[in-house]
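Structural overview for review
So you can see what is in the structure, the chains are spelled out below.
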Amino acid sequence: MPGIDECLTEAMTLPGARGAWLVDWNSGLALGTAGESPVGDHETTAAETAELARAAAEFDSFTAAADADGDDGDDGEPPVEDLIVTTRAGYHVLRFVRTSFDSSVFLHLWLDRATGNLALARIRLGDLAERLVLG
């Protein structure tokens, strides 16, 4: 089971990977970083993506469907599985990580659009999120 650094190093081996972060969406802090940042600063990228993740995880429009399926949200499972943002130059994949505490962290992978494989990245980030050891 990989820790933060090993997880981010493994994420950076994906085709087209440009940068990777583990972010706490409550505080907006990067718990770990690897590679480049689209704005030249890892902390800014972490803070900005935390706002997006927080909105998705807290807005009823995204979480109500899980509640309708009988999920009361008390199992530690994040209410959203992942987010994908597509830009002209790349993809940003945010994968929420289940933790033993409050599940308020996510993996963020920035991929080059020309060389990245979005489907593979989503699958591999899911695997990394399940194996990640925090603490």
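Criteria and cut-off values
Per chain, residues are indexed from 1 in the order of the written sequence. With the structure being a predicted model, the display of local features is reserved for residues of pLDDT at least 70 and the display and counting of side-chain atom pairs for 80 or more, all residues being used for whole-chain, interface and lining totals. With hydrogens and water excluded, all non-hydrogen atoms of the structure serve as input to the side-chain values. Strands are runs of DSSP state E lasting at least two residues, helices are runs of H or I lasting at least four, and both sets are numbered from the N terminus onward. The term polar contact refers here to a pair of N or O atoms within 3.5 Å; inside protein, the definition further demands a hydrogen-donor-capable atom paired with an acceptor-capable atom, and it admits residues adjacent in sequence only when both atoms are side-chain atoms. In this analysis, two residues are considered to be in contact whenever any of their non-hydrogen atoms come within 4.5 Å of each other. Strands were regarded as paired on the criterion that DSSP finds at least two bridges between them. In this scheme, a residue with accessible area under 20% of its type's maximum is buried, one over 50% is exposed, and one in between is partly exposed, where area comes from a 1.4 Å probe on protein chains only.

Looking at where Leu125 falls in the secondary structure, it is placed in helix H4 (residues 118-131). In this structure, the C-alpha to C-alpha distance between Leu125 and Val97, residues 28 residues apart in sequence, is 9.6 Å.

Turning to its location among the elements, Arg95 is positioned in strand E4 (residues 90-97). At 3.4 Å, the side chain of Arg95 forms a polar contact with the side chain of Asp82. Every residue in contact with Arg95, bar those within four places of it in the chain, is listed here: Glu81, Asp82, Val105, Phe106, Leu107, Arg122, Leu125, Gly126 and Ala129.

Once that is clear, we can look at the pairing of strand E2 (residues 29-35). When strand E1 (residues 17-24) meets E2, the two strands line up antiparallel, connected through six bridges. Within E2, the position partnered with Gly19 by the bridge is Gly35. Between E1 and E2, which pair antiparallel one after the other, the connecting turn spans four residues, and Gly28 there sits at a positive phi close to 80°.

All right, on to the pairing of E4 then. Within E4, eight of the eight residues are buried, leaving the element largely enclosed by the surrounding structure. Neither face of E4 is left uncovered, since the one carrying Gly90, His92, Leu94 and Phe96 and the one carrying Tyr91, Val93, Arg95 and Val97 both have all their residues buried. Where strand E3 (residues 82-86) lies against E4, five bridges are found, and the strand directions are antiparallel. From the neighbouring strand, Leu83 faces E4, where its bridge partner is Leu94. Between E3 and E4, which pair antiparallel in sequence order, lie three residues. Relative to strand E5 (residues 105-112), E4 runs antiparallel, the two being bridged by eight bridges. Its bridge partner being in E5, Leu94 is matched across the sheet by His108.

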